[in-house]
Amino acid sequence: MHILVRIGLNAAAAWLTVWLVPGLSFAGEWWWWLVFGLAIGVINSTIKPIAKLLTIPIRVMTLGLFTLVINVGLMALAIWIARDAEVGLTSESLAATLGGAFVLTVVASVLRQFASQ
């Protein structure tokens, strides 16, 4: 059940992100949000820990700011996967992807805090 809640939270966070960030757009069925939420969950549980582990020296030297670069890269990967899977999520520019990564991180963290209480 915990996995289904996380997928739902990721889907809600992605929906809010697309709604808030200009340059991100979604043109698909409502249930594709769940597929995208699953993709975000898989990326965050497999690739993100490896990327964070491999970039420890850079993150220490930049006082953690390099984590934003990791988040943008993972957001770009999720959008790329969504485009290839024909989910309907697109980004018009790198700036939109950057903003989307930032907003998605904040919104997902807030939603997880509310869900854990």
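Above this text you will find the structure in question.
Residues numbered from 1 in each chain as written. Predicted model: local features only at pLDDT ≥ 70, side-chain atom pairs only at ≥ 80, totals over all residues. Heavy atoms only, no water.

Undergrad: Would you mind going over the side chain of Lys48 in detail, with residue names and values included?
TA: Note on placement: Lys48 falls in helix H2 (residues 32-54). The charged side chain of Lys48 is buried without a salt bridge, its nearest counter-charge being Asp84 at 22 Å. The residues touching Lys48, leaving out its near neighbours within four places in the chain, are Ile43, Asn71 and Leu74. (Helix = DSSP H or I, 4+ residues; strand = E, 2+ residues; numbered from the N terminus. Buried < 20%, exposed > 50% of the residue type's maximum accessible area, 1.4 Å probe, protein only. Lys, Arg positive; Asp, Glu negative; His and termini not counted. Salt bridge = Lys/Arg side-chain N within 4 Å of Asp/Glu carboxyl O. Contact = heavy atoms within 4.5 Å.)

Undergrad: An account of H2 is requested, with residue identities and associated values reported.
TA: With 23 residues, H2 ought to run about 33 Å at 1.5 Å a step, and its terminal C-alpha atoms sit 32 Å apart, in line with that. At Ile47, H2 shows its strongest bend, of approximately 35°, with the proline Pro49 following within four residues. Where H2 is concerned, the buried positions are Trp33, Phe36, Gly37, Ala39, Ile40, Ile43 and Lys48. Against the buried residues of H2 lie helix H1 (2-20), strand S1 (24-26), helix H4 (66-84), strand S2 (89-91) and helix H5 (94-116). (Expected span 1.5 Å × (residues − 1). Bend = angle between axes of the 7 residues up to and from the residue.)

Undergrad: Now, about the environment of Thr55: what can you tell me, with residues and values included?
TA: By the element assignment, Thr55 lies in the loop between H2 and helix H3 (56-61). On the basis of relative accessibility, which here comes to 14%, the residue Thr55 falls in the buried class. Taking the C-alpha atoms as reference points, Thr55 and Ile70, 15 residues apart in sequence, are found 9.0 Å from one another. Discounting residues that sit within four places of it in the chain, Thr55 has contacts with Phe66 and Ile70.

Undergrad: Talk me through the nonpolar core; I want residue IDs and the actual numbers.
TA: Among the nonpolar cores identified, the biggest contains 25 residues, and Ala14, Leu24, Phe36, Ile40, Met75, Leu89 and Leu104 are the most heavily contacted of them. Taken together, the elements giving at least two residues each to this core come down to H1, H2, H4 and H5. Examining the composition of this core, we find that seven residues originate from one element, H4, more than from any other. Not counting the four nearest positions on each side in its chain, Ala14 is found in contact with Trp33, Phe36, Ile40 and Leu104. (Core = buried A, V, L, I, M, F, W, Y, C linked by side-chain atoms within 4.5 Å.)

Undergrad: Hey, could you go over the packing of H2 against H4 for me, with residue numbers and the actual values?
TA: Between H2 and H4, the least distance of the axes is 10 Å, while the angle of their chain directions is 140°. Between H2 and H4, the crossing angle belongs to the class labelled oblique. Crossing of H2 against H4: the hand is right-handed. Contacts between H2 and H4 involve Phe36, Ile40, Ile43, Asn44, Ile47, Lys48, Ala51 and Lys52 from the former and Ile70, Asn71, Leu74, Leu77, Ala78, Ile79, Ile81 and Ala82 from the latter. Counted by class, the contact of H2 with H4 contains 12 nonpolar, two polar and two charged residues. (Axes fitted to C-alpha atoms, helices over the stretch in contact; angles between N-to-C directions. Parallel < 35°, antiparallel > 145°, perpendicular 65-115°, else oblique. Left-handed = near helix turned anticlockwise from the far one by under 90°. Nonpolar A, V, L, I, M, F, W, Y, C, P; charged D, E, K, R; others polar.)

Undergrad: Account for a nonpolar patch on the surface, naming residues and giving values.
TA: A grouping of Leu68, Leu98, Phe102, Val106, Val110 and Phe114 is seen on the molecular surface, where their side chains present a nonpolar patch of about 570 Å² in accessible area. You can see Phe114 is positioned in helix H5. (Patch = residues over 30% accessible without salt bridge, like charges linked within 9 Å, V, L, I, M, F, W, Y side chains within 5 Å. Areas by Shrake-Rupley, 256 points an atom, 1.4 Å probe, with all protein chains shown as cover.)

Undergrad: Tell me about the packing of H1 against H2, residues and numbers included.
TA: One can describe the packing of H1 onto H2 by two numbers: an axis separation of 7 Å at closest approach and a directional angle of 105°. With respect to each other, H1 and H2 are oriented roughly perpendicular. Counted together, Ile7, Asn10, Ala11, Ala14, Trp15 and Val18 of H1 and Trp33, Leu34, Phe36, Gly37, Leu38, Ile40 and Gly41 of H2 form the full contact between these two elements.

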